[in-house]
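Listed here are the chains, written in short residue letters.
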Amino acid sequence: MLAANQRQKLDESNDALFYSAPRLVTHVDERFIQQLTELYQERLTPHSCIFDMMSSWVSHLPSDMEFERVEGHGMNAEELAKNPRLDHYFVQNLNENPTLPFADRTFDAVLNTVSVQYLQHPEAVFAEIYRVLKPGGIAIVSFSNRMFYQKAIAAWRDGSDASHIALVKRYFASVKGFSQSEVIANQGPPMNPLLQMMGLASSDPFYALIAERMEVLVG
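This structure is a prediction, so every number in the text was calculated from the model and none was measured.

Colleague: Teacher, can you tell me more about the overall build of the chain here?
Modeller: Scanning the chain from N- to C-terminus turns up seven helices and seven strands. Its helices and strands in sequence order give the chain the pattern α-α-β-β-α-β-β-α-β-α-α-β-α-β, from N to C terminus. For the chain, the proportion of its 219 residues judged to be buried stands at 48%. Element-wise, carbon and sulfur atoms account for 53% of the exposed surface of the chain, whose accessible area totals about 10,600 Å².

Colleague: Help me out: how do you make sense of the side chain of N93 in this one?
Modeller: Looking at where N93 falls in the secondary structure, it is placed in the loop between strand 3 (88–91) and strand 4 (107–113). A polar side-chain atom of N93 sits 3.0 Å from the main-chain amide nitrogen of N95. Leaving out residues up to four positions away in the same chain, N93 has contacts with N14, D15 and M75.

Colleague: I tried to follow the pairing of strand 7 (residues 206–212) on my own but got confused; where do I start?
Modeller: Every other side chain in a regular strand lies on the same face of the sheet, so the side chains alternate between the two faces. With six of its seven residues buried, strand 7 lies for the most part within the structure. Pairing of strand 5 (residues 133–143) with strand 7 involves six bridges; the strand directions are antiparallel. Opposite I140, over in strand 7, you have I210 as the bridge partner. Judged from the five bridges that link them, strand 6 (residues 182–186) and strand 7 form a sheet pairing that is antiparallel. The residue bridging V183 from the neighbouring strand is L209, located in strand 7.

Colleague: Please clarify how the sheet that holds strand 3 should be interpreted in this entry.
Modeller: Pairing between the strands of a sheet is mediated by backbone hydrogen bonds and can be parallel or antiparallel. Pairing is mixed across the open sheet formed by seven strands, whose spatial order is 3-2-1-4-5-7-6. Looking along the sheet, the strands with just one partner apiece sit at the ends: strand 3 and strand 6. The average angle at which neighbouring strand axes cross in this sheet is 15°, direction not considered. On the sheet, helix 4 (residues 122–132) packs against strand 1 (49–53), strand 4 and strand 5 and is oriented at approximately 140° with respect to strand 5. Sitting on the sheet, helix 6 (residues 161–173) touches strand 5, strand 6 and strand 7, and the angle it makes with strand 7 is about 15°.

Colleague: Sorry if this is basic, but what is going on with the nonpolar core here?
Modeller: Inside soluble globular proteins, nonpolar side chains tend to come together where they are buried. Counting residues in hydrophobic clusters, the biggest one holds 39 residues, and the most contacted among them are V116, F126, I129, F143, V168, F172 and F178. Elements with a contribution of two residues or more to this core: strand 1, strand 4, helix 4, strand 5, helix 5 (154–157), helix 6 and strand 7. In this structure, F172 is in contact with F126, A139, V141, F178, S181, L209 and A211, ignoring residues within four places of it in sequence. With 22 residues, the next largest nonpolar core counts L44, F67, L86 and A109 among its residues.

Colleague: I tried to follow the environment of E71 on my own but got confused; where do I start?
Modeller: Mapped onto the secondary structure, E71 falls in strand 2 (residues 69–74). For E71, a relative accessible area of 4% gives the class buried. As for E71 and D52, which are separated by 19 residues in sequence, their C-alpha atoms are 6.1 Å apart. Among residues more than four places away in sequence, those in contact with E71 are I50, F51, D52, L86, H88, Y89, F90, F102 and F107. Within the structure, the side chain of E71 is placed 2.5 Å from the side chain of H88, a separation counted as a polar contact.

Colleague: Help me out: how do you make sense of the packing of aromatic side chains in this one?
Modeller: Geometrically, a pair of aromatic rings is defined through the distance of the ring centres and the angle of the planes. Tallied over the entire structure, the rule returns 13 aromatic pairs. With a centroid separation of 4.8 Å and 85° between ring planes, the pair formed by F102 and F107 is classed as edge-to-face. The buried category is assigned to F107, whose relative accessible area is 0%. Here the aromatic residues F126, Y130, Y171, F172 and F178 are joined through ring pairs into a cluster of three or more. In this arrangement the basic side chain of R213 is found over the ring face of Y130, its NZ or CZ atom lying 4.3 Å from the centre.

Colleague: It is not clear to me how the environment of L133 should be interpreted in this structure. Could you clarify?
Modeller: The topology assignment puts L133 in strand 5. Taking the relative accessible area as the measure of exposure, L133 reaches 0% and is therefore buried. Residues L133 and R213, 80 residues apart in the sequence, show an inter-C-alpha distance of 6.7 Å. Setting aside residues up to four positions removed in sequence, L133 forms contacts with R105, F107, D108, A109, V110, I138, A139, F178 and R213.

Cut-off values and rules
Numbering of residues begins from 1 in every chain and follows the order in which that chain's sequence is written. Under the rules for a predicted model, residues below a pLDDT of 70 receive no local features and side-chain atom pairs below 80 are neither given nor counted, while totals for whole chains, interfaces and linings still include all residues. Processing note: side-chain calculations cover all non-hydrogen atoms of the structure and skip hydrogens and water entirely. Put simply, DSSP marks the helices as runs of H or I at least four residues long and the strands as runs of E at least two long, and each gets a number from the N terminus on. Accessible area is worked out with a 1.4 Å probe on protein chains only. A residue is then buried under 20% of its type maximum, exposed over 50%, and partly exposed in between. All accessible areas in this document rest on Shrake-Rupley with a 1.4 Å probe, and a residue is counted as covered only by the protein chains that are shown. Polar contact is the term for a pair of N or O atoms within 3.5 Å; when the atoms are in protein, one must be able to donate a hydrogen and the other to accept it, and sequence-neighboring residues count only if both atoms are side-chain atoms. Residues count as neighbours in contact if any of their non-hydrogen atoms are within 4.5 Å of one another. For two strands to be treated as a pair, DSSP must find at least two bridges joining them. What counts as an axis is a line fitted to C-alpha atoms, over the stretch in contact for a helix, and the angles between N-to-C directions run from 0 to 180 degrees. By convention a nonpolar core is built from buried Ala, Val, Leu, Ile, Met, Phe, Trp, Tyr and Cys residues, the set being connected through side-chain atoms within 4.5 Å. Only rings of Phe, Tyr and Trp enter the pairing, Trp through its six-membered ring, and a pair is recorded when the two centres are within 6.5 Å. The plane angle decides the type: under 30 degrees is stacked, over 60 is edge-to-face, the rest tilted. The rule for a charge over a ring is simple: NZ of Lys or CZ of Arg within 6 Å of the ring centre, and within 35 degrees of the ring normal.

Printed below as a string of structure tokens:
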């Protein structure tokens, strides 16, 4: 689906080197985080099994919602160890090995927060997301307009917010069995003219795409 040049990163060094130092910060603003937590409150089911893919030291799950299991994945073990919502976690570079270490139909929901822009083989990863979801399970991919520029793929780096939405829709559509993805877009209030003159944004735009694992009929 993506051409070879669209998968390229400006920094082609091993991702493990870039993520070796823990970054115990939030990569989006409080308004984005609030919207994401509210979305999880609406769409996730209590006492279900969650996979927080490409996670960090915080998962933004509702504090009053309990889950049967929250599995975490990321690139820095120290960050993941500090995440209080994870029952278990593992480190894996999905750009080198997109195969997830789970049985088919394991999770009720798969979450990916402000990280989809770094996937060099998103078709393979989204096929794995589908595989590990239970029938009727959902995938929620959220993002803003921030990124580690040197590690984002060219297709994302060179695009607009609208093209990012279209790209994630294509990722879901590349896997037979996902429902048509639902798009949630909230660009926020109009930018304060003074902040705009100073080159400062008033808030991070919020985007999320949600798709359900449907059953594929054979024959």
